[in-house]
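Notes for the structure review
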Amino acid sequence: MKDPSMIELLSSALLCSQKYLQHYRLHDLSIYNRGNKRADITEKNVLIDPRAEIDPTAKIGPNCIIGEGVRIGPGVRISNSIILDGVSIDASACVLNSIIGWNSIIGSWSRVEGTLEKSPEGTERISILGVGVTVYPEVMIRNCSVLPYNKIHENVINDTIL
């Protein structure tokens, strides 16, 4: 018999992280106070590793987790996303409803987003980038899964990049 508490789909990870962040906001603010030294650029439910570098003009939140060594450039917007360790997000990029894998690079003026609308299979559509993915400047990725070490040169919508 299936355990109903198990995460079966990666899209569930965003919902789980949102619930986790809400729980700690209500019951234990110490988790936020450890790493979030940049309250001026964040909205509620944001957890930032203290070793992340964030430009003061970036806007982060709600419901974001920013990992160790992440570099976020000027004018970047991140919402409802998980950014894993070592990611670089260049100037004026936008990341919404997405999971960005370790050591990925998001070029300037790029957009990586999931729409959270239901797919024909009944799952929510988000964008997921594997480890070491490079998204070139001015490229849009919407509702896509990108396997590790790919380089994305052009816009991609509702696809899996192998």
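1. Here's the deal with the overall build of the protein chain
- Counting its secondary structure elements, the protein chain contains two helices and 19 strands.
- Long-range pairs, those at least 24 residues apart, make up 21% of the contacts in the protein chain between residues at least 6 apart in sequence.
- Counting only carbon and sulfur atoms, one obtains 54% of the accessible surface of the protein chain, whose full area is about 8,600 Å².

2. Some details on the nonpolar core
- Ranked by size, the top nonpolar core spans 30 residues in total, and within it Ile66, Ile72, Ile78, Ile83, Ile89 and Leu129 carry the most contacts.
- At the level of secondary structure, the elements contributing two or more residues to this core comprise strand E1 (46-48) and strand E4 (64-66).
- Those residues in contact with Ile89, other than ones at most four positions away along the chain, are Arg71, Ile72, Gly73, Val76, Ile78, Ile83, Val95 and Ile106.

3. Looking at unusual backbone geometry
- In this model, Gly61 is joined to Pro62 through a cis peptide bond whose omega is 0 degrees.
- The topology assignment puts Pro62 in the loop between strand E3 (59-60) and E4.
- With phi around 60 degrees, Asn63 is a residue other than glycine that occupies positive phi space.
- The class of Asn63 is buried, set by a relative accessible area of 9%.

4. Side note on the sheet that holds strand E2 (residues 53-54)
- With parallel pairing, six strands are arranged side by side in an open sheet as E2-E5-E8-E11-E14-E17. The sheet terminates laterally at E2 and strand E17 (151-152), the two strands that pair on one side only.
- Across two bridges, the pairing between strand E8 (residues 88-89) and strand E11 (residues 105-106) is parallel. Residue pairing in the sheet places Ser88 in a bridge with Ile105 of E11.

5. What to know about the pattern of salt bridges
- Applying the stated criterion across every chain yields a total of five salt bridges.
- Between Asp49 and Arg51 there is a salt bridge, with its nearest N and O atoms 2.9 Å apart.
- The shortest N-O distance in the salt bridge between Glu113 and Arg142 comes to 2.5 Å. Taken as a pair, Glu113 in strand E12 (residues 111-113) and Arg142 in strand E15 (residues 140-142) lie far apart in primary sequence, 29 residues in all.
- Classification of Arg142 as partly exposed rests on a relative accessible area of 27%.

6. Let's talk about the confidence of the model for the protein chain
- When pLDDT is averaged along the protein chain, the result is 85, and 81% of the positions lie at 70 or above.
- For the stretch residues 1-8, pLDDT sits under 50, and the model shows four contacts to residues farther than four places along the chain or on other chains.

7. Quick word on the sheet that holds strand E9 (residues 94-96)
- One open sheet accounts for six strands, arranged E3-E6-E9-E12-E15-E18; its pairing is parallel. Here the strands that pair on one side only, and so sit at the sheet edges, are E3 and strand E18 (156-157).
- Strand direction decides the pairing type here: E9 and E12, joined by three bridges, are parallel. Residue pairing in the sheet places Val95 in a bridge with Val112 of E12.

Cut-offs and rules
Residues numbered from 1 in each chain as written. Predicted model: local features only at pLDDT ≥ 70, side-chain atom pairs only at ≥ 80, totals over all residues. Heavy atoms only, no water. Helix = DSSP H or I, 4+ residues; strand = E, 2+ residues; numbered from the N terminus. Contact = heavy atoms within 4.5 Å. Areas by Shrake-Rupley, 256 points an atom, 1.4 Å probe, with all protein chains shown as cover. Core = buried A, V, L, I, M, F, W, Y, C linked by side-chain atoms within 4.5 Å. Buried < 20%, exposed > 50% of the residue type's maximum accessible area, 1.4 Å probe, protein only. Pairing = 2+ DSSP bridges. Salt bridge = Lys/Arg side-chain N within 4 Å of Asp/Glu carboxyl O. pLDDT = per-residue confidence, 0-100.

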